[in-house]
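Breakdown of the fold
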Amino acid sequence: MNVLKVRWWTIGIFVLPCLLLYMMMVFVPIVISGYTSLVEWDGIGVNKTFVGLDNYVDILFHDPHFWPAVRRTLMYAVFSMAEIPICLLFAILINRYVKRGNRLVSIYFMPVILSVVIIGQLWKTIYNPLDMGGMINGILNALGMQGHMRAWLSSPQFAMYCLYFVSLWQYFGYHLIIQFTGVQNIPSDIYEAAKIDGADGFKADRYITLPLIVPVFKISIVLAFIGSLQAFDLIMVMTGGGPAHATDVISTLMYNNTFLTFKYGYGSALAMTLVFICLAFTFVINGVFNRIEKKVG
Amino acid sequence: MRRSEKKALKKSALLLTAGALAVGLAACGSGNEPAANTGGASNEAAANTGASGGDSGKKVTITFQNIYPDETSVTNKIMKELVADYEAANPNIKIELDSLNTDQQKLKLKTQAASKEVPDITIVNPAAQMKPFVDAGVLAPLNDMLDQNGLKDTFQKGLLDYYSFDGNVYALPDGNNIEVVYYNKDLFAQAGITDVPKTFDEMLEDVKALKAKGITPIAIGEKDTWTGSFLFMNILLRTNGGPGFLQDVMDGKKDFNDPAFTEAVDAFQELVQAGAFPEGATSIDANAGGNIFKTGKAAMFIIGSWETGNIDASSVAGKVGAFSFPTVNGKGDVNQFMLAPGSGFAISANSKHPQETKDFLNYFMTNFPKKKFELKDAVGLGQVVEGDFAAAGYSDLAVGILDLFKSVSGGDLAFDNTMNPAVAQAHLSSIQNLFVQKVDSKQVAKEHQDAFAANK
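Bear in mind that the values here come from a model prediction, so they are computed numbers and not experimental data.

**Comments concerning the UniProt feature "domain: ABC transmembrane type-1" (unreviewed entry) in chain A**
Under the UniProt annotation, "domain: ABC transmembrane type-1" (unreviewed entry) lies at residues 73-285 of chain A. Taken as a whole, residues 73-285 of chain A contains 76% helix and 0% strand, while its terminal C-alpha atoms sit 16 Å from one another.

**Here we look at the side chain of threonine 122 of chain B**
Residues and elements named next belong to chain B. Within the secondary structure, threonine 122 sits in strand E3 (residues 121-124). What makes threonine 122 buried here is its relative accessible area of 0%. Polar side-chain contacts of threonine 122 include one of 2.6 Å to the side chain of glutamine 65. Among the polar contacts listed, one links the side chain of threonine 122 to the side chain of glutamine 105, at a separation of 3.2 Å. Residue contacts for threonine 122: discarding those within four places in its chain leaves Gln65, Gln105, Leu109, Gly344, Phe345 and Ala346.

**A closer look at the pattern of salt bridges**
All names here are of chain B. Following the criterion strictly, the structure yields 14 salt bridges over all chains and no others. A salt bridge links aspartate 85 to lysine 371, with the shortest nitrogen-to-oxygen separation between them at 4.0 Å. Of the two residues, aspartate 85 is situated in helix H3 (residues 74-89) and lysine 371 in helix H15 (residues 354-374); the sequence distance between them amounts to 286 residues. Judged by relative accessible area, which is 35%, aspartate 85 ranks as partly exposed. The closest approach of N and O atoms between aspartate 403 and lysine 406, which form a salt bridge, is 3.5 Å. With aspartate 403 and lysine 406 both in helix H16 (residues 396-407) and three residues apart, the pair spans about one turn of that helix. Under the relative-accessibility criterion, aspartate 403 is labelled partly exposed at 43%.

**Thoughts on the pairing of strand E2 (residues 93-99) of chain B**
Residues and elements named next belong to chain B. Relative to E2, strand E1 (residues 60-66) is paired through seven bridges, and the arrangement is parallel. Bridge assignment links threonine 61 to a residue of E2, and that residue is lysine 94. Following the backbone out of E1, through H3 and into the adjacent parallel E2, one traces a crossover that is right-handed.

**Remarks on the UniProt feature "transmembrane region" (unreviewed entry) in chain A**
Residue and element names in this part refer to chain A. UniProt records the feature "transmembrane region" (unreviewed entry) at residues 12-32, 74-93, 105-123, 158-178, 212-232 and 264-289, using the numbering of this structure. For residues 158-178, the helix share is 95%, the strand share is 0%, and the end-to-end C-alpha distance is 30 Å. Strand forms 0% of residues 212-232 and helix 86%; the C-alpha atoms that close the span are 34 Å apart.

**A short note on unusual backbone geometry**
With the exception of glycine, the majority of residues adopt a negative phi angle, and the majority of peptide bonds are in the trans configuration. Residue and element names in this part refer to chain B. One non-glycine residue, asparagine 149, lies in positive phi territory at about 55°. Position of asparagine 149 relative to the elements: it lies in the loop between helix H6 (143-146) and helix H7 (151-154). Of note in the backbone geometry, asparagine 329 takes a positive phi value of approximately 50° without being a glycine. Tracing the sequence through the fold places asparagine 329 in the loop between strand E10 (320-323) and strand E11 (336-341). Judged by relative accessible area, asparagine 329 falls into the partly exposed class, the value being 46%.

Calculation criteria
Residues numbered from 1 in each chain as written. Chains lettered and ligands numbered in written order. Predicted model: local features only at pLDDT ≥ 70, side-chain atom pairs only at ≥ 80, totals over all residues. Heavy atoms only, no water. UniProt positions renumbered as here; feature names shortened; annotations may be inferred. Helix = DSSP H or I, 4+ residues; strand = E, 2+ residues; numbered from the N terminus. Buried < 20%, exposed > 50% of the residue type's maximum accessible area, 1.4 Å probe, protein only. Polar contact = N/O pair within 3.5 Å; in protein donor to acceptor, adjacent residues only side chain to side chain. Contact = heavy atoms within 4.5 Å. Salt bridge = Lys/Arg side-chain N within 4 Å of Asp/Glu carboxyl O. Pairing = 2+ DSSP bridges. Right-handed = clockwise from strand over helix to strand, strands pointing away.

Written as structure tokens, this is what we have:
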């Protein structure tokens, strides 16, 4: 495939810096992590005991917190991905009906540029109990719905949903901007041609916008999926995984095991599990979209 | 051909991106290879003989990691003053402060220890909490430095034992405290409470009376799980009829299914059920929890005596008294307290300037109690202070606390200072759970026993 008409080593020289960096930042840590996951180690001492796959067996069969954390992580992903069609709908509507859509989209984008710590603190205050100035409880109180007031982040039933919501709120603008750009990039002559053929409005969306937006849609889905598997900072700021593991996801569980319980090997095994889950689901998502692309394209 | 190639490329690019993002996270969990050599003692000895005084001309920077980031706190002020004084007297020494919250510092040190990059001076916690660091050889013994300028004799008798392993002292405590119940006299009066509770039942009555008046009975910030545990352990100290429950468990004489333990869990749940704690306590961090009391919104605050100075500096100053945690179901002795030997200053075994660091820490610790006394923050100090507290203008609260200190006839260390980190974490989250739902005490006992058995 000598299309570029340059020597192989020229390519090599240009590729090498990135490749080295990538190897160092990605492959080496993953290999070390893979090794650490096979030992029992407190993270600071020299006493490492090789335990084979014991850590993985413990995680999969004996850890009462692991499967609930996986469930919460996947729920996180499902919610994040479910948000994207809504973003697309907004993008289409804004593109069609709003004169200076860019401005509106920029406003939606604002939460994304705020630091997660700030967002976490902000929403923590919003979720606070009434006597600590919580806004939601304040509104419920004003509406006479005292029965629905609660300490949102301290409720094992609701805390996780409160966290999902903050994430959805923050990343709405992010996915909206991606979808909006995607919609804008569809050449207008296609729509004009379709108009002549009698396809207008939502009909045009169905037969032109949707098929052409699939690649952009896929990017959003994958980003949302991986982003939510890694969800960590927001949870750490708002609940720290509490109360009593009720908001633990895989990443916070890993962090707590590694750094608070001094179980480095176990934490690494959790990290590796997360890597495997990421890879497996990326395959699945890719497969699904290839099929969709084939169908509509 | 080209199409499929492009597709394959796209696919692998996507996979790689996914992988990269995932691994970025995984990298947090992966450890650095430990250096083949533990460093520790041999390194230390070599450095000692070589470095003493020899470096005087060179510019030396000492990193001082600490847990006093709050600019308004007395200890922060003292630290900065002592550092400035020392730098003025020793122009070749520069001391770089790395001030972090307690929890952040714990984590940072942990990661630093994993890569053998412990700062020259750092903070460790007594007994079981610092043991992994001592075992890993990342801390330098301080025996020689303690003998200089009579520093060793300034410490209270027996206090350094919590920081000693195999005859070596590895850290110097910033305090020595006991757990007390602070109470707001005005709020007690508002609820018609005339005397401090002597029994747990009286305390429950008071909680209900306060609650009825719309006053938060007991301030706590349970997002930082140690706060609830510290309170729970005080109840256990009573139901067990004295100290040593955890030690007995570790020695195999008792286990967590013991009635003393389940009784303590039940008593603790009674407090929760009576609405003793602020709503949403598990999402309030420890500092914010304390502020509920210090802004006069809560009637009691059950915490280490280290808060005395801060309370005296807050808006409720003058209205606060303190008493010892009451007996529970007629059990326990009010002269026994949860003991809290403070966080300790330790020196890295791999410090590039061991002698300078030791000299500075010696200066720091020798002058620490004097400054503390001057700034009226000497309650709960681990070192002996010369001087009359009342005459020096200490508050009634401070003098009251000092009287409680005199009554101490024994006690227990906090859970995480006694048990290993894995068991401690299980305990902390098990207690946090009690704040949000009612759990059968047998179940709580089982959680503890399982965690203990799995992490012996």
